[in-house]
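# Commentary on secondary and tertiary structure
Next come the chains, spelled out residue by residue.
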Amino acid sequence: MNGLSFQVSISKQHRLNALASLSTLILVLLLLTEWYDLANLSTAKPTDNPNSVQGQKSELYRSAEQSGGYGIVLGLVLALFVWHPRRVLGLIPWASLLFCCCYLLLYYQISLVITAFFTGLSAGLMAWPLMITLLRQIGLTGPLPPQNITLISILSVFGLGLAYGARIGLTKLPLQQLILMMLAVTAALTIGSWFILPQHALEILLELIFMPMYRFSFHGPGVHQIPVDGPLIVIANHTCMLDPFFLGKIIPRKITPIMTAKYYDKPIIRWFMQNMVGTIRVPISARKTETPELDEAILRLDRGECLVMFPEGKLRREDDIELQYFSQGIWRILKERPETPVIATWIDGGWGSYLSYKNGPPGKGKSLDWFRPIRMVIHSPLVLDSELLATHQATRKYLTELVHSLKQQLQTESSELNQPSTDGASSTEDSANKTISQS
């Protein structure tokens, strides 16, 4: 088993992502400044000076301008709380929708001061994810070669010049017509962002829903070693129905979960899993002579996706069995794609939560979780040796013990912090011997 240090090369896709982020950022800045120009024109006081086209700023506009500044600052601050490098893009569809509504309210001149605040808020929420994405794509593995930095600089100057020229040209149009044109542009931005980033937007919504329910902490050497590109398999214990969401908090890329048909085939869940998440469905069959889910998993790896697997094959149901012996599925996938890196993780805190089987079926007869601590230990990426992959028994045994060892590592860290008694340490050791049930 080899610990790997992954380096991701700057690809054509990264340059396209950087260009798209830069273009969208310039468009957002243009829409923001144009909104305030239009608000100023619609509230400006005429003057006696014939050379003064726009007139003087009204007190209403001055208040709106100040309110918008507060909104921009708040939007930037709120965006900082979404630290996930991929999930932060989910702010853009929601913020662009808010931006579009602000232009609509401007057309009818409704609550200018309040509308100005939300205009700044939406621009702040969009600007930060776009900046993060731009910088991440440019400096993903260090600076781009000089010619690429020069290209980005030239495109930045060209884009800003084009935006400034557009502002000058747009001022010649009638006010109401100009507002409608800008409303159409924000509507196009909203539709485009929802078409491109629907899963990101859904994940951000889930972030807000689960924010007061769980507190996360991450441990282990693999926290900062998760590859952001290429095929990858993440394996973990499975104690709660939200385990894929928990793993998504630390994995800095799109994940592809594998879900049994028992849950996948539920009416609303099926649509989300199929169209928004891209989950692999595992059919329920008494005889597993055919395994289309494994063929699909291998195909997804060939596309460079990140598979999230729970090799136990089912949710934990018993107090005294923390980890079931892994099934053959993980071995069969690795047998076909032996060079695929594997990251082992342990999720602690899910057992006993609202959506676990402790004290009854998930979600039945239990109170909701509030600020429940969820701790995760992430191992460094590994590529398994060919000798280990020779038999399924060896592979399953090794991976089962590897995942469980992460839980013991977490217990050791907690014991060192709490300085338990000798009796407490021995009882932990005794309970650890009963955690793995082999079949």
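## Remarks on the pattern of salt bridges
For the structure shown, the criterion picks out 13 salt bridges. Between Arg270 and Asp265 there is a salt bridge, with the nearest N and O atoms lying 2.6 Å from each other. On the basis of relative accessible area, Asp265 is assigned to the partly exposed category, the value being 34%.

## Overview of the pairing of strand β8 (residues 342-348)
For β8, the buried fraction is high: six of the seven residues fall into the buried class. Here strand β3 (residues 232-236) pairs with β8 via four bridges, running parallel. Residue Ile233 lies in a different strand from β8, and its bridge partner there is Val342. Bridge analysis of β8 against strand β9 (residues 372-378) gives four bridges, and the strand direction is antiparallel.

## Structural notes on the side chain of Arg86
Within the fold, Arg86 resides in the loop between α2 (59-80) and α3 (91-108). Each residue touching Arg86, except ones within four places of it in the same chain, is listed here: Gln199, His200, Glu203, Pro252, Arg253 and Lys254.

## Focus on the pairing of strand β6 (residues 306-309)
Residues Cys306 and Val308 line one face of β6 and the alternating positions Leu307 and Met309 line the opposite face, and both faces are buried. Pairing of β3 with β6 involves four bridges; the strand directions are parallel. Bridging from a neighbouring strand, Leu232 pairs with Cys306 of β6. Across three bridges, the pairing between strand β4 (residues 255-260) and β6 is parallel. Bridge assignment links Ile255 to a residue of β6, and that residue is Cys306.

## A closer look at the confidence of the model for the chain
Where the model shows low pLDDT, its predicted coordinates should not be examined in detail. The share of residues in the chain with pLDDT of 70 or more is 79%, and the mean pLDDT across the chain is 81. Note on residues 140-144: pLDDT under 50 across the span, and 13 contacts to partners over four residues away in sequence or across chains. The low-confidence segment residues 420-439 (pLDDT under 50) makes 21 contacts with residues lying over four places distant or belonging to another chain.

Conventions and cut-offs
- Residues numbered from 1 in each chain as written.
- Predicted model: local features only at pLDDT ≥ 70, side-chain atom pairs only at ≥ 80, totals over all residues.
- Heavy atoms only, no water.
- Salt bridge = Lys/Arg side-chain N within 4 Å of Asp/Glu carboxyl O.
- Buried < 20%, exposed > 50% of the residue type's maximum accessible area, 1.4 Å probe, protein only.
- Helix = DSSP H or I, 4+ residues; strand = E, 2+ residues; numbered from the N terminus.
- Pairing = 2+ DSSP bridges.
- Contact = heavy atoms within 4.5 Å.
- pLDDT = per-residue confidence, 0-100.

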